[in-house]
Amino acid sequence: MSSYEECVSLLEFLYRKPGVSLPEFAKARETSDDLLRDIFDDLQRSRAQLREQVSALQTRNTELEAFAHMVAHDLKEPLTALIIHVDLIDHISNLTSEELKEYLRQIGSTAYGMNRIVNSLLLFAEVSKAEAPVGPVQMDRVVANVQDRLSHMIQERRAQIVLPEAWPDAIGYGPWIEEVWANFLSNALKYGGQPPRVELGGSPRSDGMLRFWTRDNGAGIPPEICSRLFIPDNPINRLGHSGDGLGLPIAYTIVEKLGGQVGVESEMGKGSLFFFTLPASPSFPAQNLPPAESNLLLAESYPA
C-alpha cells in the first residue's frame, strides 16, 4: 500500500467503526492504531467464540452418534423378535390355541416396548429443542402424579415408598420434572431390594438450590459405571437390567435445561441415591422445612 490514506480507506472498508468517518482517520494517526487494536480484539473474541461453538458441536455430534447407535440397537432387538414370532405363526400350522395366545401376547408386549422407546425419543427431541415455561412447581403434586403413574409397578413389587412430611417448592417446569421423578422412581423399583424400599426427599443447599433425591435398597452400582449412567448408550443394561437406556440421558437433559444438575451416589451392597437440583422457589423458604424429618437428614448426609 503506497499511502497512509489508502491504508485508512482499506481499514474503513474492512471494518466500519460506527460514528467514525474517513476524514477523522486522516486527522490523527492514533485513530488507526485504536482501530487496529479494536479489530484485533474483535478477531480474538470471534476466534474464541468460534472455538467454543466448534467444541460444543463436536461434543453434541458425538452424543448424537452414540444416541443414534443406542436407539438403533434397542429397536433392532424387538423388531427381530416381532419377525420371529410372526414367522412362527405363519409357518407352524398346528399351533394350539394356547401357543397362539402366547405368541400374540409376546408380540403385543414387544410392540408396547417399542412404543415406549418411540415416546422416549419424542420426549428427548422435545426437551432438546423446546424452551419450557418455568415457574414455581408444587413438588408434592408432581410426586403424587408419578406415584399414580407407577401405582401398578409399586403394587406388583410390594414396594415401600417413604415420603417426607413436606416438600420444598422449586422453580422449573412440572411436566418435565415429573418425567425425571418417574425415571428415578421406576429405576429404584426395578433395581432395588426384594421388596424395594425407596425413600424420596428434598432439602435446601447453601447456594440457593434444592436437592431432590431417591434412595433405594438395591445392590448398588460399581463406581466405574456411575460416571456414565447419564450419557447415551449408558451401560446399566450391561449389568443384566432391562430397559431402553433413554431415561437417564433424558433426565440429564431436562434438569440441565432447567438450570440444575443430576448425579448418583452409590456403594456396593448399600443401595444407590439418585439426585437432581433445581432453583428454590421464594414461596417456600428453607426454614419452612421440618428439621427433624429423617429423609432430609439422610439427604444431608450425602454432601452435594
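Heads up: these notes are all about the structure in this document. This is a predicted model, so every value here is computed, not measured.

Digging into the pattern of salt bridges
Side chains that carry opposite charge are capable of pairing whenever their charged atoms lie near each other. Enumeration over the complete set of coordinates arrives at eight salt bridges. The residue Glu199 makes a salt bridge to Arg197 at a minimum N-O spacing of 2.9 Å. Residue classification places Glu199 among the buried residues on the basis of a relative accessible area of 14%. Where salt bridges share partners, they join Arg149, Glu178 and Glu179 into one cluster.

So, the nonpolar core
Counting residues in each nonpolar core, the largest one holds 46 residues, and the members touching the most others are Met139, Ile177, Trp181, Phe212 and Phe276. Discounting chain neighbours no more than four positions away, the residues touching Met139 are Trp167, Pro168, Asp169, Ala170, Ile177, Trp181, Phe212 and Leu278.

Things to note about the packing of aromatic side chains
In the structure shown here, the tally under the stated rule is nine aromatic pairs. Ring centres of Trp167 and Trp181 lie 5.5 Å apart, and the angle between their planes is 75°; this geometry places the pair in the edge-to-face category. Placement of the pair is Trp167 in the loop between β2 (160–162) and β3 (170–172) and Trp181 in helix α7 (residues 174–191), with a sequence separation of 14 residues. Members of the aromatic cluster, connected to one another through ring pairs, are Trp167, Trp181, Phe184, Phe212, Phe230, Phe274 and Phe276. One Lys or Arg, Arg211, reaches over the ring of Phe275 and ends 4.1 Å from the middle of that ring.

Considering the packing of helix α5 (residues 139–149) against α7
Taken N-terminus to C-terminus, the directions of α5 and α7 make an angle of 50°; their axes are 9 Å apart at the nearest point. Between α5 and α7, the interaxial angle falls into the category oblique. For the pair α5 and α7, the crossing hand works out as right-handed. On the side of α5, the interface is formed by Met139, Val142, Val143, Asn145, Val146 and Arg149, while α7 contributes Gly174, Ile177, Glu178, Glu179, Trp181, Ala182 and Leu185.

Looking at the environment of Leu273
Looking at where Leu273 falls in the secondary structure, it is placed in strand β7 (residues 272–279). Once the C-alpha coordinates of Leu273 and Ala188 are considered, the two residues, 85 residues apart in sequence, prove to be 9.0 Å apart.

Comments concerning the pairing of β7
For β7, the tally of buried residues reaches seven of eight residues, placing the bulk of the element in the interior. Here strand β5 (residues 209–215) pairs with β7 via seven bridges, running antiparallel. Across the sheet, Arg211 pairs through a bridge with Thr277, a residue of β7. With five bridges connecting them, strand β6 (residues 262–266) and β7 associate as antiparallel partners. When the bridges of β7 are listed, Val262 appears paired with Phe276. Connecting the antiparallel pair β6 and β7 is a turn made up of five residues, with Gly269 showing a positive phi of about 85°.

With respect to the sheet that holds β5
What the five strands build is an open sheet, ordered β2-β4-β5-β7-β6; its pairing is mixed. Bordering the open sheet on either side are β2 and β6, each of which pairs with just one other strand. Within this sheet the neighbouring strands show an average axis-to-axis angle of 15°, counted without direction. In this sheet, β5 lies alongside strand β4 (residues 197–204) in antiparallel orientation, the contact comprising six bridges. Its bridge partner being in β5, Gly201 is matched across the sheet by Trp213. Against the sheet, α7 engages β2, β4, β5 and β7, with an angle of about 170° to β7.

Here's the deal with the pairing of β4
Of all eight residues in β4, six are buried, a share of seventy percent or more. The turn joining β4 and β5, which pair antiparallel and follow one another in sequence, is formed by four residues; a positive phi near 90° is taken by Gly208.

So, the packing of α7 against helix α9 (residues 247–257)
It is at 9 Å that the axes of α7 and α9 come closest, and there the two elements cross at 145°. Like other packed secondary-structure pairs, α7 and α9 cross with a definite hand, here left-handed. Mapping the contact onto sequence places Trp176, Glu179, Val180, Asn183, Phe184 and Asn187 in α7 and Gly247, Leu248, Ala251, Ile254, Val255 and Lys257 in α9. Of the residues assigned to the contact of α7 with α9, the class counts are seven nonpolar, three polar and two charged.

Cut-offs used in this document
Residues numbered from 1 in each chain as written. Predicted model: local features only at pLDDT ≥ 70, side-chain atom pairs only at ≥ 80, totals over all residues. Heavy atoms only, no water. Salt bridge = Lys/Arg side-chain N within 4 Å of Asp/Glu carboxyl O. Buried < 20%, exposed > 50% of the residue type's maximum accessible area, 1.4 Å probe, protein only. Core = buried A, V, L, I, M, F, W, Y, C linked by side-chain atoms within 4.5 Å. Contact = heavy atoms within 4.5 Å. Phe/Tyr/Trp six-rings, centres within 6.5 Å; stacked < 30°, edge-to-face > 60°. Helix = DSSP H or I, 4+ residues; strand = E, 2+ residues; numbered from the N terminus. Lys NZ or Arg CZ within 6 Å of the ring centre and 35° of its normal. Axes fitted to C-alpha atoms, helices over the stretch in contact; angles between N-to-C directions. Parallel < 35°, antiparallel > 145°, perpendicular 65-115°, else oblique. Left-handed = near helix turned anticlockwise from the far one by under 90°. Pairing = 2+ DSSP bridges. Nonpolar A, V, L, I, M, F, W, Y, C, P; charged D, E, K, R; others polar.

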